[in-house]
Amino acid sequence: MSAPLLEVQDLRVSFSTDDGVVHAVDGISYSVREGQTLGIVGESGSGKSVSSLTTLGLTRSPNTKIEGRMLFGGKDLVQMSDHDLRQVRGNEIAMIFQDPLSSLHPFYRVGKQLTEAILIHRHIGKSAARARALELLEMVGIPDPKGRIDAYPHEFSGGMRQRAMIAMALANEPKLLIADEPTTALDVTVQAQILALLDDLQRRLGMAIVIITHDLGVVAEISDEISVMYAGRIVEHASTREIFAAPQHPYTWGLLRSIPRLDSPRGEELIPISGRPPSLINRPSGCHFHPRCPYAQETHKRIDPKLEPVPGARSHEVACLLAPAVRASIWQGLASGRTPEQLLPLAAASNPAVAAVPAPAAPGEAE
Amino acid sequence: MLRYIIRRVLWGILMLILVCAATFVLFQVLPTVNPAVLRAGRNASPKIIHHIEVEFGLNQPLWVQFWRYLKHIFLHFNFGYSLYSGQSVLSLIENRLPATISLTVGAVVLWVVIGIPVGIISAIKRGTFLDRAAMGTALALLSAPVFWLALIAIYLFADELGRWPILPGPDSYVGLTADPWMWFKSLIMPWLVLSATQAAIYSRLLRGNLLEVMGEDYIRTARAKGLPERKVIWRHGVRAAITPVFTVLGLDIGALLGGAVLTETVFEIHGIGLLNFDAISHSDFPIVQGTTLLAAMFIIVANIFVDVGYAFIDPRVRYS
């Protein structure tokens, strides 16, 4: 196994706002090896985008506090000067974003935006850059690149725009591509095409990919490993196979149960996770997920779980206060179609001291 | 595109006819004073007044008068004659237009050259002392009436009148061809006064636009590419933020060419604005009609220019 290409250690990002300090990322660690794909999954406001933007220093501002380390090729991106970081951006680490229409400049032709990306980091002539741009458009599967290179972004379809964004990101053959919700703004069929393209390009170019999404279905196909984020923290991390086979965290269960499946019976309802993501200014006490967790016990309001290895599983970590055996039986119950209410006694039984106390059913903030 | 332009021009002509109708009603139907009496001068005999009424067609039905008025304007470019001097309105306008154009062009250059950089710098240095000072000054200039600023300027710097008499004062304007240096000197104060408010408006407009644009996704993309911040701001930010400024600029130029009444009056620059002002004070309706029509025409033309020009500035805009 090769050394990690990107190793994030205890990253913390907080913003000072008029309403208070927003703890967007609260001590996360992960690593990506060359050629590997890591999926970071979580809902809006879980800190997944902030952590990835921080990789490129795009969250830097006087109001932002960034702590921890982000080692990339032995250099710490957190400590790096703006000037040095600019040499990394778009060169060794590139990024694509959610909405390709708003992410491309509306006033410049696609070809111009591509050659600009090339010329920032390569000292070549304009015609060579244009030839490279054509090559890139061809590579990402844009038909008739010669005819399309001088079009404006609004003249492209959504899928074509995202392909153009990918072409721009790959302009300088980055070692790491960060894809922040790359398919969220696209039609489902186009989503599949873009994911297949990313997968194919990764194989050809050997780059690592960090893909950020709220949709476990998106990362299922393309990721090697998955980190699940909640309220600025990673609450579960495992290989993709493990996450789908033996998920450990109630939040992950919720995410999995809210994916539509083709093999589920017709008319079966999707089950949303109740409540809303917590405020990152006044975070819930104890386990941050407890206000929304159907299995939360009284003690979970006080104790803040750490990310710990799951016994008996290889490189599977979870931050949950339920006992491993209890988690296993609850997931089995859920998988066989039982409801959280039916399974609640299992959770209560694991903690006899507080078994009598009803779990907080209503979502909301703890004091 | 060509069809669009033709359509816009036709609409513009229709607008002009409507403006003609409005000015006709305002200045020939509504006034209770008989133009023939004004034209005849003091102590004119009823016979003379009647003679003038017949000559001007004032005894004919209104629609006949209006039709003749329209025909004169659109077929013969005849805007009528001053009730007092008898000079043709068109020749008066031709005579006065160079001064107004001189005033407008210089002021526009000045406020663009001042307003745009100030706006950009304020946005980049948002929240700093520089930004606050610039925006504070802009607010003060915006709040100061033009005629007041003009009087202060004259009080401070005008020849013979000012505390520091370094610049020619009111009524010193001469044509560019007559004496270029004097032309320039005499216009410095009017240019400054007229552009002060506008520079303030433009700097605030551009600052606001740029701050908004800098939060756009494509700016994040530009940064993610590794582009230096300076290029992110200029090539990606300013390029997008400046387009709405062009719209306002076009319309402002159009409006100013119709006469900067206050500035021209205080500095006694004999341009369209002062012509209009004098005509209004004498109830010289044909001149007021003429200048109103001219101002409307400039605004309509400016609108067409702005709309057509926008297609060149913003590639997303296509007319068909």
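Residues numbered from 1 in each chain as written. Chains lettered and ligands numbered in written order. Predicted model: local features only at pLDDT ≥ 70, side-chain atom pairs only at ≥ 80, totals over all residues. Heavy atoms only, no water.

Engineer: Can you walk me through the sheet that holds strand β6 (residues 93-96) of chain A in this structure?
Structural biologist: Two orientations exist for strands paired in a sheet by backbone hydrogen bonds: parallel and antiparallel. Residue and element names in this part refer to chain A. The sheet built from eight strands is open, its strands ordered β6-β7-β8-β3-β9-β10-β12-β11 with mixed pairing. Looking at which strands have only one partner, the edges of the open sheet turn out to be β6 and β11 (308-309). Sheet topology places strand β7 (residues 176-180) next to strand β8 (residues 208-213); five bridges connect them, and they run parallel. Bridge pairing in β8 places Ala179 opposite Ile211. (Pairing = 2+ DSSP bridges. Helix = DSSP H or I, 4+ residues; strand = E, 2+ residues; numbered from the N terminus.)

Engineer: How should I be thinking about the pattern of salt bridges in this particular structure?
Structural biologist: Side-chain pairs of opposite charge can arise whenever the charged atoms involved come near each other. The full count for this structure, using the stated rule, is 21 salt bridges over all chains. The residue Arg12 of chain A makes a salt bridge to Asp10 of chain A at a minimum N-O spacing of 3.2 Å. Taking the shortest distance from any N to any O, the salt bridge between Asp314 of chain B and Arg316 of chain B comes out at 3.1 Å. Classification of Asp314 of chain B by relative accessible area gives buried; the value is 6%. Through salt bridges that share partners, Asp10, Arg12, Asp26, Arg233, Arg283 and Asp304 of chain A make up one connected network. (Salt bridge = Lys/Arg side-chain N within 4 Å of Asp/Glu carboxyl O. Buried < 20%, exposed > 50% of the residue type's maximum accessible area, 1.4 Å probe, protein only.)

Engineer: Would you explain the packing of helix α7 (residues 146-157) of chain B against helix α8 (residues 180-213) of chain B in this entry?
Structural biologist: The relative placement of two packed helices is expressed as an angle between their axes plus a distance between the axes. Residue and element names in this part refer to chain B. Running from amino to carboxyl end, α7 crosses α8 at an angle of 145 degrees, the nearest separation of the two axes being 10 Å. When the axes of α7 and α8 are compared, the crossing they make is right-handed. Residues Val146, Leu149, Ala150, Ala153, Ile154 and Phe157 of α7 touch α8, and the partners they reach there are Met189, Val193, Ala196 and Thr197. Residue composition of the contact of α7 with α8, grouped by class: nine nonpolar, one polar and no charged. (Axes fitted to C-alpha atoms, helices over the stretch in contact; angles between N-to-C directions. Left-handed = near helix turned anticlockwise from the far one by under 90°. Contact = heavy atoms within 4.5 Å. Nonpolar A, V, L, I, M, F, W, Y, C, P; charged D, E, K, R; others polar.)

Engineer: It is not clear to me how α7 of chain B should be interpreted in this structure. Could you clarify?
Structural biologist: One turn of the α-helix equals 3.6 residues, which is why residues spaced by three or four share an orientation. Residues and elements named next belong to chain B. Relative to the 16 Å expected for 12 residues at 1.5 Å per residue, α7 spans 16 Å between its end C-alpha atoms, a close match to the ideal helical length. Taken residue by residue, α7 has Val146, Leu149, Ala150, Ala153 and Ile154 as its buried positions. The arc that holds every buried residue of α7, seen down its axis, measures 135 degrees, which confines them to one face. Looking at the packing, one finds that the buried side of α7 touches α6 (129-143), α8 and α12 (261-266). (Expected span 1.5 Å × (residues − 1). Arc of directions from axis to C-beta.)

Engineer: What am I meant to see in the interface of chain B and chain A here?
Structural biologist: Accessible area lost upon the coming together of the parts serves often as the stated size of an interface. With 20 residues of chain B at the interface, the matching set in chain A holds 25 residues. Counting every contact that joins chain B to chain A gives two salt bridges. For Glu116 of chain A, the salt bridge identified is with Arg235 of chain B, shortest N-O distance 2.7 Å. Every element with two or more residues in the side of chain B that touches chain A is listed here: α9 (217-224) and α10 (229-241) of chain B. Here the element with the most residues in the side of chain B that touches chain A is α9 of chain B; it accounts for six residues.

Engineer: How should I be thinking about unusual backbone geometry in this particular structure?
Structural biologist: Most peptide bonds adopt trans geometry, and most residues besides glycine take a negative phi value. All names here are of chain A. In this model, Asp10 sits at a positive phi of 50 degrees, which is unusual for a non-glycine residue. Phi is positive for Glu173, close to 50 degrees, though the residue is something other than glycine. Structurally, Glu173 is set in the loop between α7 (158-169) and β7. Using a relative accessible area of 48% as the deciding quantity, one classes Glu173 as partly exposed.

Engineer: Any chance you could explain the packing of aromatic side chains here in plain terms?
Structural biologist: To describe a pair of aromatic rings, you give the distance between the ring centres and the angle between the ring planes. All names here are of chain A. Summed over all chains, the structure comprises 14 aromatic pairs over all chains. Judged by centre distance (5.4 Å) and plane angle (70 degrees), the ring pair of Tyr251 and Phe289 falls under edge-to-face. Here Tyr251, found in helix α11 (residues 250-257), pairs with Phe289, found in the loop between α11 and β11; they are 38 residues apart in sequence, far enough to count as distant. For the residue pair Tyr251 and Phe289, the accessibility class agrees, reading buried in each case. (Phe/Tyr/Trp six-rings, centres within 6.5 Å; stacked < 30°, edge-to-face > 60°.)

Engineer: Got a minute to help me understand the packing of α8 of chain B against α10 of chain B in this structure?
Structural biologist: Residue and element names in this part refer to chain B. Where α8 contacts α10, the axes come no closer than 8 Å and their chain directions differ by 125 degrees. Considering the angle they form, α8 stands oblique to α10. Judged by the sense of rotation from one axis to the other, the crossing of α8 with α10 is right-handed. Across the interface between the two elements, Leu206, Asn209, Leu210 and Val213 of α8 pack against His236, Gly237, Val238, Ala240 and Ala241 of α10. (Parallel < 35°, antiparallel > 145°, perpendicular 65-115°, else oblique.)

Engineer: So what exactly am I meant to see when it comes to the side chain of Thr104 of chain B here?
Structural biologist: All names here are of chain B. Position of Thr104 relative to the elements: it lies in helix α5 (residues 89-124). Thr104 sits in the buried class, given a relative accessible area of 3%. Setting aside residues no more than four positions away along its own chain, Thr104 makes contact with Ile253, Leu256 and Leu257.

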